[in-house]
Every structure is written in C-alpha cells, then in structure tokens.
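Structural features, examined
These are the residues of each chain, in order.
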Amino acid sequence: MEPIDLPAELWRLILSHLRLPELGRCSAVCRAWRQLVLSLDRTRWRQLCLGVLQHRPPSWPNRPAAEPPSWRDACKQHYLASKTWTRNMQDPESSTCLSLFRRRKGRRRLCVGTGGDFSSLRAALAAAGPYDRLVLLPGVHEEQSEVLLKMPVELVGQGGLGDVVLRARVDQHGPTARLCNLVLLPPHSSSLLYKTTSGYVQFDNCRFEGGQLQIHAPGTCQVKFCTFSRSSIHLHSVALCVLENCEFMGSENASVTVEGCPSSDCSWACKHLAMLAKSCAVSWREPSLARQDSWGESLLGLERTCDVVRGEEQSSFLSVVGTPALLSSAQKDGEFGENLRAAEEEGYPALDSDSSDDDLLCNDEEDAQAAHRLPCRAHSLSHTLADITHRRLHSDRLHNFQRHLQLKSLQQELQQDKEAQSLANSLHGCVIRQCLFKDGKGGIFIYSQGQAKLEGSIFRDLTYAVRCIQNSKVIMLRNDIHHCKASGIFLRLSAGGLIADNSIHSNGEAGVDIRKGANPLVLCNKIHSGLRSGIVVVGNGKGIIRSNQIYGNKEAGIYILYNGNPAVSGNHIFQGLAAGIAVNKNRRGHITGNVICENQWGGVDIRHGGNPILRSNLISCGYSDGVVVGERGKGLIEGNAIYGNKGCGVWMMSSSLPHLINNQISHNSIYGVAVFCCKDNAGDYPPGQGGIESFQEDREGSGVENDPDSEEEHPAAQCPISVALVELNSISHNGAAGLHVKSSEALNIFANMIHANSDGGVSVLQSSQLTCIANNSISCNSRAGVLVEAECQVELRGNGVYENGSHGIVSKGEGIITENDIIDNHQCGLQLLQAAHMKVTKNRIQSFRDYGIALFDEAKGLVQENLIFQGRSKKSILRPISNAEDCVIQNNVLLSFKKRFDTECMLTSPSARPHIEGGALGSCTVAGGQRVSSVSTRVDEGCHKHGSVFCTVL
C-alpha cells in the first residue's frame, strides 16, 4: 500500500506493533515508509530500547530521565554494540573467502548453570568454538581457579542485572571478547576481576564489585553502561580505550588509573574506537545567556539591576561600572543620569565629576575674576588633560576594553588558539565520556606520561576529582566537578593539557591546583563557591588561565605563590570573599585584560616579594581597595582602570617597590593612591581594610627549588629597583586625597594627572626620605594641591598646580620647590608654615584671592627668581619681619595686569607646565635611574586675538 492510502496516525498505530527486524524491513521499502518508521521515535522505538533488560536509558547515569535526541539511534547503538566485538584483524588477502565461511557458520548458544548445557563456565569454555555465545543462567557462578579466555567468546547473563553473579578471575588471551549483563566479583584469594594484555574486550551493562580491571597495551577495551562499586580500572600504556555512561562509586583509591605513554601499536579495535569516539563526540554547547550577557556585553553597557546577586547572575556593580568611558566625566544624557542616581542610591560613588571643577568658583566674583584672574584654563593641564584623557578613553582605551574584556566562548578561544584546538580534538589513551564519579576517594589518576580525555562527566563527593602528574596530559571538556574534599583538579610535575568549559564549584580546597612545573591551558570554566581559592598556582607552576568566570570563592579567586608564573588574561573574577588575585611569596605572573570586581578584599593583592605584570585590567567596585601592594611587594602595574572601590584605588606599603604607570584611578571612596609605613598602617588605615592576610598556605612550597628554565622576567624585574614609582596615572574624583603619602622610604611621583579629588591633590604626611614630585598636573582638588607636613623631605619640580580649593602648595617640611606653575588656587599660591625650610626658585605663582607666597611662623629658606602675579589682594608676598635673617627673598619679579591681553600671554614662554623636554616619543632618566615616559606640550607661539591658547598632550 502507498502511505497516502491511510492517515499517518493509523499507520503509526499499525507499525507500533512490529518488532525490531520488521521495522528495519519496513524502513527499507521506500522513502515514504522510512519517514513513517522514523516518526515512531518517541513511541515504538523508545519501547523497544527500554524493553531489553540489557539496555540502560541512553543518558544514564548522569541524567537517566532525560530524553535522548533519538531513541532509534540509541537502539541502534545498543544493537551494534552486540556485534562490534566480533570484528577482528583483517584476514590475509589471499584467503578473504574464509571470512565469508566463518560468517555463514551459525554461532552456537551454550547455556551455563542449573538446567543448562553445562554446569560450570570452565566446562562450557572447553566445548565452545570461536565467537560462540555463553549464556549464564540466573544464580552465582563461582570458579576456584583462574578462567582463561583463549578464543573469541561472549559471556551474557540471562535476566535482569543482578540475577547472574560471576565470582572468578578472568584472564583473556584471545583477540576479542564481550561480557554483558553480569555482576563480577573477585575470587576470595585475589582482588583482580579481569585482565587482558593483548586483546580487545567489551563490557556492556555489567556491575563490578570490590575488584580491579587491568588492561595492558596492546590490549584495549570499551566499557558502556557499567557500574563500578568499590572497583577500579587500571590502564597500562593503552593506545585508546573508551569508557561511556559508567558509574563509579565508593572507590578506595582512584576509580580510573591511566599509566604510561599511549602505545603506538594500534589494532583494529583502536581504529574502531577512534571512529566511535569521533562520531559520538559531544557537540559544543552554545554560549549560555549568562555568559553572553552578564559578564561580557553588560560590562560595556549601562544595564542596572536592583539587587546584589550572588552566583552567576548580574550584580549591582554593572549599573555603575558600565564602560571604562565612565572614568571620564563628559556624558550627561538622560539615561546616564538615571543610572548615576541609581548608583548613588545603592551606595556606590557618584560619577558627576564636572561639579567638582566648577563648584570651586564663586559666582559672585565673576566680575573681579575677569580683571585679575589668570586664564589658566587656557593654558593649564587641568581641563586639557581631562579633555584629552576623556577623548583617549572614548577612543583607544574604550576600544581596547571592549575588544579584550568581553568574556570569550570556547568556540572563539579554539578558533584563535590552534594549540587548544589540537588538544580538544586529540584522542589518545583513555576517553571517558558521560560518566559519574561519586562517594569515593579519587576520580581519575593519570601519571607517567599517561593521557586521558574527559567529556561531559560528573565528579562529586570525592576526595579529589582528577590528579595528573609526571609529564601526563589531561583534556577536560564540559565536566561538572563539585563538593570534593580537596582540590577538584590537581596538576603537578610538568603535567599539562586542556581544562575547558567545566563547572568547578563547592570544593574543599582549590578548584584547580597547578604545581611544580605543570603547564595547562585553563579556558572558559566556571570556578565558584570554593571553600578556599578558585585557582592556585604554586611551586614553579605555570599555565594559561583565560576567559574563565571565577566568583564566590572564600579565598583569592586566583592565588599565585612560591615561584608560580601563569599567564592570566580575559577572566572575570568577582564576588570573592577575599582578594580577586593574590600574588605572594616571590611569585610573578602576567595578569592582563581581566575584569576584577566586587571582591571583599583587594582586587589584586601583591605581597612578600610578589612581582607580577598587572596590565589593562578593570578593577572596580571592590569592598576594599583596588590594588594592594603589601610588604615587599613589587611589580609593574600599568594601564589598568581602577574604579569605584570602597577603599583606596591603590594601597602600598612603604617597603614595597611597584611601578604604577599609566593607570586610570578614579571614583574610589578613600584615597586614589595611598602609601603607608609598615609600622603605621594598622593605625592609619580604615578598620577592616588593611594589612590582613589569611590566604591559604602551601603545604609543599617552602622547599621548592627555583626553576632554572623559567621564562625571562619583565623589564621592571631585570634590574634592581630601589625606589617605588608612580608615573603617568590619571588620579581623579576620589573620596579623599588623590595621592596620600605616609612613608619611610623614597618615592618618585612623575607626570600624573591628579584632578578633582575630594581632599587634597598630594598629601605628604610622613617622609623620612626624599619624595620627588615632578611634572604632574594637580588641579581642581577640593583642598590644597600639595600638602607637605613637618619633617618631610620633598622635591617639587615642573608641576602645574591649578584651581585647587585651598592653597596651591602648603609646606611645613624641607626640600625644593622649583619651576612649577602655581596658578589660580583659591587661597595662597604657596604657603610656608612652622619650621618649613624650602628653596623656592623659578616658579610662576598667582592667586586671585590671596597672596602668591605667604611665610608664617618660623619658616625659612630661599625665595628667589620667582615670577609672582598680583591677585586681588594687591599684595604678592607676605614676609614676617622677625625671621628676616633666616629667609632670603631676592630677585623675584612682581607683575600686575593692565590689560586682558597681558594675561593671555603669561604662560607661553615657557609653555604651561607640566612638560618634559624631548618630544612625545622621547624619554628621560631621573633620580634612581628609573625611566620616565615623556609628556610634552605643544603651544602655538604668540597670542591669539580672539581666544586662548590650549596645550595638547601628545
């Protein structure tokens, strides 16, 4: 009949009564009949698949109730499994006809047990021929001595799983064998269940109790839908074996042990298994919505959520972190304003930075300013640098952050990294797919150059999930590893491989532990909710850690110590209960392009000889400081956006020697950059935010030798560093002083923009050694531009100090103030108090409301060759008569304005500071031999009749 002769529903009802061979014949009639047979997938095919006692649900054991993509394909795989073991090596070409005779010869079916053909398995094997099926009847079959399989044979249990128990030690000498639907127990005298050293063995729907399987190369095996209870499988140099849909539980040691380099002797079985592994490879998952939205594009948008959400969902910091362009202060459209108000309601710092500049001006004095006020807006770097920084953020920096800080999917990583792609596609050693490991000591142990590939498996409630050592290699794709008592994944002794797209969470120690020369690729994982750190790199460990989500761990998201040196890039590290990244105990590391947000301690914590490269990261909205450089910390901290943290942007101890270069440090609740003495940090730092260290200690690391083959360190570590350096940073709109110094060691502060902070620009409260402050733009801060307390030593050279809310420079200490532009501050340009002893030379000073230079108390020193512009006070210098002999004032030039034209030409020769000779691409060397990136200003010569002259920072 043609299919169109009856309705499809009626055809399905008729076909649902057919058996498997009859359905196969019907599907071969024509295309229309084939479509009818395929339409029975959820009905008849499902019934046929689950109706066989030897068949398990296709998604067992991880998701036994899940529907497979096709029940017909599942039934087909079960059927083919019963035929695969009969394949053997190719027969000689001259006798290919012999295979036809062998195939035509019927396979005998021999029953073993009470009421069967044979009473014992040994007797049945003696009478069996090649490829015969031995059916073990229900009951317990016990063999006192070893059972030898000398020829291809199949052992099948009759009834349900558990009805047939075989207590024996089986040793396979033949080329192939199959065991199905059996419970295997070891004999009383041994723990060995099954052993083969040469052939291929296939286990289907078996249960192993309290014993061990041993497979030695060139032997190999395929294990499907089996249960290992207090049992294990040991693989010795096996070229390729496949374990699929198996359950391992209650193991006393590792459930699967892979030992030795995979053999190069590949049999027909290895080729078959390779084809099977490739054809059944689990397709890559599409990126989840959470991965696409919450930590990628949302960081670059302005979405807002109402609550702080722990875990994988969006959190409230997204509403304010937005894009790095928020570090500037230009956007004031409606949507942005609404987000700012929402951010303020949730307790984050406001971003409306323009008000801090303009509020310093008094509206009722505008007329007086027109006549006497120096037009420093036209020449100073206060607004020029802000505008240029704003433009640069919107163009270069924003473009770079958008390109580099989005979380990449595994597909994108594999497309860009050919090594990772090659590892993901490789098939060597042991392939473990869709298995469940639970309630035991260990999951998988790989050593002595062994190789294993794990896909889609679950590891839970173990001591450890995967342990890979001694130059071995592990490839882990899309596994779930959780609630292990120790570390989830442990690599050491030059182990490597690929750990990608796994969910690693709720483990007792580190999610991934990398030690002693191990060098894996760790890509696109979710590592969260650990009771200690997310990833630990210890004892010469290396590795590439990229595009992971690391969050909610009790200790550091990534912890690097004892000569660890990984490359950490493109990760999102957030909501940790300690630091985001901690670098400790003389370690390094390249930390680039990460998003580090909402951590309870410092976003990045560097202590005890830690010496990393920290570059181009977004470190924002932490509940403590952005970057902490503790005792003896070092490192190159360059090009980061450090934003919106509850503590300081950067917190340093005076015993640390970092290079802080070209960072955007803004909208932090306390200081932009703070430098404290070791002995004083506890007393001067806000409670709960300083000096606390309770990171986990390495149990082996203290005795680890240095790695002679370690890669070359970054330039900052190649030469001795004697002075900490703060250079070319934008430090703006912070809740306290932009740069707060209370140090016992020397410090160099060069070419920074310190702008619109809620307290002073630079505060030097304690400095027993010289603090050099050179070529900085210090503008629009709420209080003094620079404050130097008593007994501090400073050198102020080449700075532009503009429009600060109090005095330009206030000094009670000692040092040099030379070649600075101190213009249009709200009180005195320069004020010397108490026992100040300063040499003040070649400065340009003007104050609209007060004196240019004011000397009080016992101030002394030398004031000469300064150009002092008259303000509204009609006086330029105040000098007490009582200490005239201690303060020499000579050769200063006092100017007053007669025309507006004069005020416009005031800062043209030389141009407005700061500037460094040598051009934009040049460089110069300053105190201590440290490199200072050049900043130059370009000013058109002469005066414009219709407007101001603006500086351009190149």
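Criteria and thresholds
Residues numbered from 1 in each chain as written. Predicted model: local features only at pLDDT ≥ 70, side-chain atom pairs only at ≥ 80, totals over all residues. Heavy atoms only, no water. Helix = DSSP H or I, 4+ residues; strand = E, 2+ residues; numbered from the N terminus. Contact = heavy atoms within 4.5 Å. Areas by Shrake-Rupley, 256 points an atom, 1.4 Å probe, with all protein chains shown as cover. Axes fitted to C-alpha atoms, helices over the stretch in contact; angles between N-to-C directions. Parallel < 35°, antiparallel > 145°, perpendicular 65-115°, else oblique. Nonpolar A, V, L, I, M, F, W, Y, C, P; charged D, E, K, R; others polar. pLDDT = per-residue confidence, 0-100. Buried < 20%, exposed > 50% of the residue type's maximum accessible area, 1.4 Å probe, protein only. Pairing = 2+ DSSP bridges. Patch = residues over 30% accessible without salt bridge, like charges linked within 9 Å, V, L, I, M, F, W, Y side chains within 5 Å. Salt bridge = Lys/Arg side-chain N within 4 Å of Asp/Glu carboxyl O. Phe/Tyr/Trp six-rings, centres within 6.5 Å; stacked < 30°, edge-to-face > 60°. Lys NZ or Arg CZ within 6 Å of the ring centre and 35° of its normal. Core = buried A, V, L, I, M, F, W, Y, C linked by side-chain atoms within 4.5 Å. Polar contact = N/O pair within 3.5 Å; in protein donor to acceptor, adjacent residues only side chain to side chain. Arc of directions from axis to C-beta. Expected span 1.5 Å × (residues − 1). Disulfide = S-S within 2.5 Å. Lys, Arg positive; Asp, Glu negative; His and termini not counted. Charge placed at Lys NZ, Arg CZ, Asp CG, Glu CD.

A count of helical and extended segments in the protein chain gives 20 helices and 77 strands. Considering only residue pairs separated by 6 or more positions, the protein chain has 52% of its internal contacts joining residues 24 or more positions apart. Element-wise, carbon and sulfur atoms account for 49% of the exposed surface of the protein chain, whose accessible area totals about 37,400 Å².

A few words on the packing of helix α2 (residues 20-27) against helix α3 (residues 31-38). At a closest axis distance of 7 Å, the pairing of α2 and α3 adopts a crossing angle of 140°. By the angle class used here, α2 and α3 are oblique. In contact with Leu23, Cys26 and Ser27 of α2, α3 contributes Trp33, Arg34 and Val37. When its residues are assigned to classes, the contact of α2 with α3 shows four nonpolar, one polar and one charged.

On average, the protein chain scores 79 in pLDDT, and the residues at 70 or more come to 73%. In the model, residues 282-395 has pLDDT below 50 throughout and makes 276 contacts with residues more than four positions away in sequence or in other chains. Note on residues 918-954: pLDDT under 50 across the span, and 80 contacts to partners over four residues away in sequence or across chains.

Burial analysis of strand β11 (residues 200-204) places five of its five residues in the buried class, the great majority of the element. Burial along β11 is two-sided: the face carrying Tyr200, Gln202 and Asp204 and the face carrying Val201 and Phe203 are both buried. In the sheet, β11 pairs with strand β14 (residues 220-224) via five bridges, with the strands oriented parallel. When the sheet's bridge partners are listed, Tyr200 is paired in β14 with Thr220.

Okay, a nonpolar patch on the surface next. A surface patch of nonpolar side chains, amounting to about 250 Å² of accessible area, comprises Leu10, Leu13 and Ile14. For Ile14, the location among the structural elements is in helix α1 (residues 8-15). The exposure class of Ile14 is partly exposed, given its relative accessible area of 40%.

With the rule as written, the count across this model stands at 13 aromatic pairs. Centre to centre, the rings of Tyr200 and Trp268 are 5.3 Å apart; their planes meet at 70°, and the pair counts as edge-to-face. Remark: Trp268 occurs in helix α8 (residues 268-279) and Tyr200 occurs in strand β11; sequence separation between them is 68 residues. With respect to class, Tyr200 is no different from Trp268; both count as buried. The ring of Trp60 carries Arg56 above its face, with NZ or CZ at 3.9 Å from the centroid. The residue whose ring lies beneath Arg72 is Trp45, and the NZ or CZ to ring-centre distance is 5.9 Å.

Buried residues dominate strand β19 (residues 254-259), accounting for five of its six residues. Across five bridges, the pairing between β19 and strand β21 (residues 436-447) is parallel. In the sheet register, Thr257 faces β21, and the bridge partner there is Phe445.

A separate point is the nonpolar core. In summary, soluble globular proteins display a tendency toward joint burial of nonpolar side chains. Counting 127 residues, the largest nonpolar core has Ile233, Leu243, Val256, Leu491 and Ile535 as the members making the most contacts within it. In terms of residue count, the dominant contributor to this core is strand β23 (residues 458-468) (five residues). Those residues in contact with Leu243 that sit more than four places away from it in its chain are Val223, Ile233, Phe248, Val256, Cys430, Val431, Ile432, Arg433 and Cys435. Among the nonpolar cores identified, the runner-up in size contains 14 residues, and Leu23, Cys26, Leu36 and Leu48 belong to it.

Time to look at the side chain of Asn866. Following the sequence through the fold, Asn866 ends up in the loop between β69 (860-864) and β70 (867-869). Side-chain polar atoms of Asn866 contact the backbone nitrogen of Asn843, separated by 3.0 Å. Side chain to side chain, Asn866 and Asn892 meet in a polar contact 2.9 Å long. With residues up to four places along the chain from it excluded, the contact list for Asn866 reads Val840, Thr841, Lys842, Asn843, Asn891, Asn892 and Val893.

We now examine unusual backbone geometry. With omega at 5°, the peptide bond leading from Ala217 into Pro218 counts as cis. Mapped onto the secondary structure, Pro218 falls in the loop between β13 (212-216) and β14. Here the bond from Arg913 into Pro914 is cis, since omega is 10°, no more than 30 degrees from zero. Positive phi, normally seen in glycine, also occurs at His608, with a value near 50°. Within the fold, His608 resides in the loop between β41 (604-606) and β42 (613-615). Even without being a glycine, Glu819 presents a positive backbone phi close to 60°. Mapped onto the fold, Glu819 is located in the loop between β63 (814-818) and β64 (821-825).

Glancing now at the pattern of salt bridges. When the charged atoms of two side chains lie near each other, side chains of opposite charge can form a pair. All told, the structure shown has 30 salt bridges when counted by the stated rule. Note that Arg42 and Asp41 form a salt bridge whose closest N and O atoms lie 3.9 Å from each other. Relative accessible area serves as the criterion here: at 10%, Asp41 is assigned to the buried category. Its salt-bridge partner being Arg122, residue Glu143 comes within 3.8 Å of it at the nearest N-O pair. Within this pair, whereas Glu143 is found in the loop between β3 (139-142) and β4 (147-149), its partner Arg122 is found in helix α7 (residues 121-127), the two being separated by 21 residues in sequence. A relative accessible area of 36% places Arg122 in the partly exposed class.

Overall, the relative accessible area of 17% leaves His608 in the buried class. Considered as a pair, His608 and Ser656 are 48 residues apart in the sequence and their alpha carbons are 8.8 Å apart.

Turning our attention to the side chain of Asn729. Note on placement: Asn729 falls in the loop between β51 (724-727) and β52 (730-732). Looking at Asn729, its side chain comes within polar contact range of the main-chain nitrogen of Asn663, at 2.8 Å. Excluding residues within four positions of it along the chain, Asn729 makes contact with Leu660, Ile661, Asn662, Asn663, Ala751, Asn752 and Met753.

On to the environment of Val893, then. Locating Val893 in the fold gives a position in strand β73 (residues 893-895). Measuring from C-alpha to C-alpha, the distance between Val893 and Gln864 comes to 8.9 Å, with 29 residues separating the pair along the chain. Other than its neighbours up to four places away in sequence, Val893 contacts Asn866, Leu867 and Ile868.

What α2 keeps buried is the set Leu23, Cys26 and Ser27. Buried residues of α2, viewed axially, fall in a sector of 95°; they line one side. Looking at the packing, one finds that the buried side of α2 touches α1, α3 and α4 (41-50).

The terminal C-alpha atoms of helix α5 (residues 71-84), which comprises 14 residues, lie 20 Å apart, in line with the 20 Å expected from a rise of 1.5 Å per residue. Listing the buried residues of α5 in full gives Trp71, Ala74, Cys75, His78, Ala81, Ser82 and Thr84. Contacts made by the buried residues of α5 are with α2, α4, β5 (153-157), β8 (176-180), β11 and α8. Of the residues flanking the start of α5, the one acting as N-cap is Ser70, its side-chain oxygen 3.4 Å from the backbone nitrogen of Arg72.

Taken as a whole and assessed by the stated rule, the structure comprises zero disulfides. This cysteine, Cys206, is not joined by any disulfide, and Cys226 carries the nearest cysteine sulfur, 4.7 Å off. Since its relative accessible area comes to 0%, Cys206 is described here as buried. The thiol sulfur of Cys792 is not disulfide-bonded, and the nearest other cysteine sulfur, from Cys677, lies at 9.7 Å. Under the relative-accessibility criterion, Cys792 is labelled buried at 1%.

This part covers a negative patch on the surface. A cluster of acidic residues, Asp857, Glu858, Glu885 and Asp886, forms a negative patch on the protein surface. With respect to the secondary-structure elements, Glu858 resides in the loop between β68 (853-855) and β69.

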